[in-house]
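Residue-level structure breakdown
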Amino acid sequence: SNIRVLWLTSCKLKDLDGVEHLNHLEELYASFNSLKDLSPLFLHPTLQVLDLDTNAVGTLENIEFLASMKKLSTLHLQGNPIATKRFYRRIICS
């Protein structure tokens, strides 16, 4: 698929299954859902913008792989349980 920008805001999503097949995805806007597991994004080397505000991302294990995404320049995680954890940004930016 040639989809480069995908808006899934407020869609009551619980998972991102299937997004791994969007090989050219550059921007994903999926705020205001119930997402916990971000693993379908693991092999997205083209992803540049990831907006996951107000979801259910709660553990460092859910976000550690984001550090290996070299093109990722914009990340929004406000309103997730992980955002209350101290130093979570250092793991992603390392």
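What this report covers is the structure whose coordinates are included nearby. Source: prediction; values computed, not measured. (Residues numbered from 1 in each chain as written. Predicted model: local features only at pLDDT ≥ 70, side-chain atom pairs only at ≥ 80, totals over all residues. Heavy atoms only, no water.)

**Concerning the side chain of Asn55**
Assignment of secondary structure puts Asn55 in the loop between β3 (49-51) and β4 (74-76). Of the polar contacts made by the side chain of Asn55, one reaches the backbone oxygen of Asp53; its length is 3.3 Å. Beyond its immediate chain neighbours, meaning those up to four positions away, Asn55 contacts Ala30, Ser31, Phe32, Asn33, Ser34, Leu35, Gly79, Asn80 and Pro81. (Helix = DSSP H or I, 4+ residues; strand = E, 2+ residues; numbered from the N terminus. Polar contact = N/O pair within 3.5 Å; in protein donor to acceptor, adjacent residues only side chain to side chain. Contact = heavy atoms within 4.5 Å.)

**Brief notes about the nonpolar core**
If you look at the biggest cluster of nonpolar residues, it comprises 23 residues, and the most contacted ones within it are Leu28, Leu38, Leu41, Leu50, Ile63 and Leu66. Every residue in contact with Ile63, bar those within four places of it in the chain, is listed here: Leu38, Val57, Leu77, Ile82, Tyr88 and Ile92. (Core = buried A, V, L, I, M, F, W, Y, C linked by side-chain atoms within 4.5 Å. Buried < 20%, exposed > 50% of the residue type's maximum accessible area, 1.4 Å probe, protein only.)

**Digging into the packing of aromatic side chains**
On inspection of all chains with the given rule, the structure shows 2 aromatic pairs. Centroid distance Trp7 to Tyr29: 3.9 Å. Interplanar angle 10°. Geometry classified as stacked. One end of the pair, Trp7, is in strand β1 (residues 5-7); the other, Tyr29, is in strand β2 (residues 27-29), and 22 residues separate them in sequence. The exposure class of Tyr29 is buried, given its relative accessible area of 14%. Here the aromatic rings of Phe42 and Phe65 are separated by 5.7 Å at their centres, their planes lie at 65°, and the arrangement is edge-to-face. In this pair, Phe42 sits in the loop between β2 and β3 while Phe65 sits in the loop between β3 and β4, placing the two residues 23 residues apart along the sequence. We classify Phe65 as buried; its relative accessible area is 13%. (Phe/Tyr/Trp six-rings, centres within 6.5 Å; stacked < 30°, edge-to-face > 60°.)

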